[in-house]
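For reference, the chains in residue letters:
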Amino acid sequence: MSVELSERPAPPAPREITTQPRRSDQIFRIVVTIGGMASLVILGLIALFLSIKGLHILTEEKLGFITGSAWEVITDDTGSIAESKFGIGAMLVGTFLSAMIAILVGVPISVLSALYLTFYANGKVKKFLISVIDLMAAFPSLLFGFWGFFVFMSSAEYWAKLINKYLGFIPFFDVPTPIFERSPFIAGLVLAIMIIPIVTSISREIFDQTPLDRIQAAYALGATRLAMIKAVVIPFGRGGIIGGAMLGLGRAMGETVAVYTVLNVVYQINWQILFGAGGNVASLILLKFGEAGPAEVDALMAAGLVLFILTLLVNAVADLLINRFGGKGR
Amino acid sequence: MTDNKGFQDNDKEEKMTTSHATPASLSSVASARTMSQPGTTLLGTGLETRGVHAWFGKKHVLSDISLDFAAGTVTALIGPSGCGKSTFIRTLNRMHEFIPTAAMAGEVLLDGKDVYAPGTDVTKIRLRVGMVFQKPNPFPSMTIGQNVLSGLKLAQIKKSNTDELLESCLTRAGLWNEVKDRLGEHGGALSGGQQQRLCIARSLAVEPQVLLMDEPCSALDPGSTFRIEETIAELAKSMTIVIVTHNMQQAARVSDYTAFFLSDGGPGEMIEAAPTSKIFSSPQDKRTEDYVTGRFG
């Protein structure tokens, strides 16, 4: 038996399997590849540009650029810079706080509205609401900022005062002086409204794809709609919700004009969300860009670079979360 | 006791005869009467339909079905594709209404009460009338054990001894020996036939009195089909089963009664309903005979 085995001829090496694509297919492949690579190239070029302009500021300021909060340019009589100090710590904290508030407030509203649109709203209402939400996504952010500043701020200020009055013992809700205008809290709420459309439409799309057989299985077991949603739709859509929330977070962190109108830019690290001091990285760039000299522009580019890296990090974390928790319900 | 039930049914059918005078309904009523004949163990009044019609939008897909499912029996619904048998089975536990344009008329009586009556809590109906679908559909986010007990969670039923329930449901579904050591694994890890038996076990956990099976074996291999048929025979001792099948041998093997549905391009109608042996040996209608002998379909 063993002899036979050893005498059995060795199997041939696997053949290489190829195909000769047609000309039209080859050309289309090139066109598609160019399209696919375009975004990568553009993103790479932006990163390169920001690095060239801003990297030297980062190496000069070192970690102080991220942890420090002073932003000073002192020029001498001739107009050249005598002394400069660049730190975006306060802006990073402001970015973080306002974006977090936006997520905490905006995502639940979005998920609820997506659930309503998918499983409760009927024909006409659904169509109308979807177009309203899409319109909201296309709405200029400056107008959100104006509305936030002129209309929304007074009521938000009142809520802030209430929170401060009853929950002020929690350090987050404390304020050093009673200034409630243009705080991270208000900026976060305006941002929450701004991220609702994108988070809603992404969640809605994923909810729409919930396999019908699973929905029916739940109903056939006597599930109420709420129980069905909890057992089937949410596990299935979890990854999509996280993905949508991360896209919303990206928008909230990068938002410029709206935050600029409703958040005070103050060069001081402030963790108290109700207190009217903060600023985010993007609004700092907007504020300073017009009047900045060359050195300061480089510093702003460095700030942009940090924001860029931060956004990449958020997306990487999002992917990680989706892989970790999103696949289970599929 | 059994005779009594039979009389009650007859009473109802007399009324039916007067209200629906079309020949089709007469024949179905007649066959429905045959179905309530004594000879089977009656565990309750079971499920009855009275003049059920169904529409999708303007399309009339099912016409005037009156059929009784005596408790503790297996009834097979056979007929070519598009004859409305799946639609009919879905009217029985009100799954029909999930299709947005779906409409129905007539009555579906469960223990004598119309399941479509205003004010009915549809979730309670579906707890009593369980359903197994064509394609196995376990919940992929849950383990095997959680899948079996998912009905309790979904319907917010509190049960103290769930381990016992878990074992008895899986045993009745003929799956216990294969999965008892891997209850913590996800349902998706099972084979198609095992998944289908898991779905049967899942529907048993809420203790339905009727189990509807919509072509439960059409996605399965012969071996798994055989296991499911064994399971059906076992379950029929304690509940009423209605099974839609494309497989006439299956209908002959598993069912006590068979109803033949047919559509001549219009809405599906019930041509004939009788004890299974009769349908397959001496059908009353020529069309039934042609179908069961394989001349069309």
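The preceding data block contains the structure.
A brief look at the structure comes next.

Here we take up the overall build of chain B. Within chain B one finds twelve helices and ten strands. Expressed as a percentage of the 297 residues in chain B, the buried residues total 54%. In chain B, 69% of the contacts between residues at least 6 apart in sequence involve partners at least 24 apart. Just so you have it, chain B exposes about 12500 Å², and 52% of that area is on carbon and sulfur atoms.

Now for the pairing of strand β8 (residues 240-244) of chain B. Residue and element names in this part refer to chain B. Along β8, five of the five residues are buried, which leaves the element largely enclosed by surrounding structure. On β8, burial covers both faces: T240, V242 and V244 on one face and I241 and I243 on the other are all buried. Across four bridges, strand β3 (residues 74-78) lies against β8 in parallel orientation. Bridged to T75 within β8 is V242. The pairing of strand β7 (residues 210-214) with β8 spans five bridges and is classified as parallel. Residue pairing for β8: V210 is matched across the bridge by T240. With helix α9 (residues 222-235) bridging β7 and the parallel β8, this β-α-β connection has right-handed handedness.

Residues and elements named next belong to chain B. If you walk across this open sheet you meet the six strands as β6-β7-β8-β3-β9-β10, and the pairing is mixed. The strands lining the two open edges of the sheet, one partner per strand, are β6 (129-132) and β10 (269-275). Each neighbouring strand pair of the sheet contributes to a mean axis angle of 15 degrees, computed without reference to strand direction. Lying on the sheet, helix α8 (residues 192-204) is in contact with β6 and β7; it crosses β6 at an angle near 170 degrees.

One finds F207 and M228 of chain A together with L67, L77, F88, L92 and F261 of chain B to be the most contacted residues of the largest nonpolar core, which totals 95 residues. Of the residues forming this core, the biggest block, 14 residues, is contributed by helix α9 (residues 225-254) of chain A. If we ignore the near neighbours within four places in the chain, the residues touching F261 of chain B are L62, I65, L77, I78, G79, P80, C83, G84, K85, F88, E269 and M270 of chain B. In this structure, L149, C169, L220 and A251 of chain B belong to the second largest nonpolar core, which totals 46 residues.

What counts, and at which threshold
- Residues numbered from 1 in each chain as written.
- Chains lettered and ligands numbered in written order.
- Predicted model: local features only at pLDDT ≥ 70, side-chain atom pairs only at ≥ 80, totals over all residues.
- Heavy atoms only, no water.
- Helix = DSSP H or I, 4+ residues; strand = E, 2+ residues; numbered from the N terminus.
- Buried < 20%, exposed > 50% of the residue type's maximum accessible area, 1.4 Å probe, protein only.
- Contact = heavy atoms within 4.5 Å.
- Areas by Shrake-Rupley, 256 points an atom, 1.4 Å probe, with all protein chains shown as cover.
- Pairing = 2+ DSSP bridges.
- Right-handed = clockwise from strand over helix to strand, strands pointing away.
- Axes fitted to C-alpha atoms, helices over the stretch in contact; angles between N-to-C directions.
- Core = buried A, V, L, I, M, F, W, Y, C linked by side-chain atoms within 4.5 Å.

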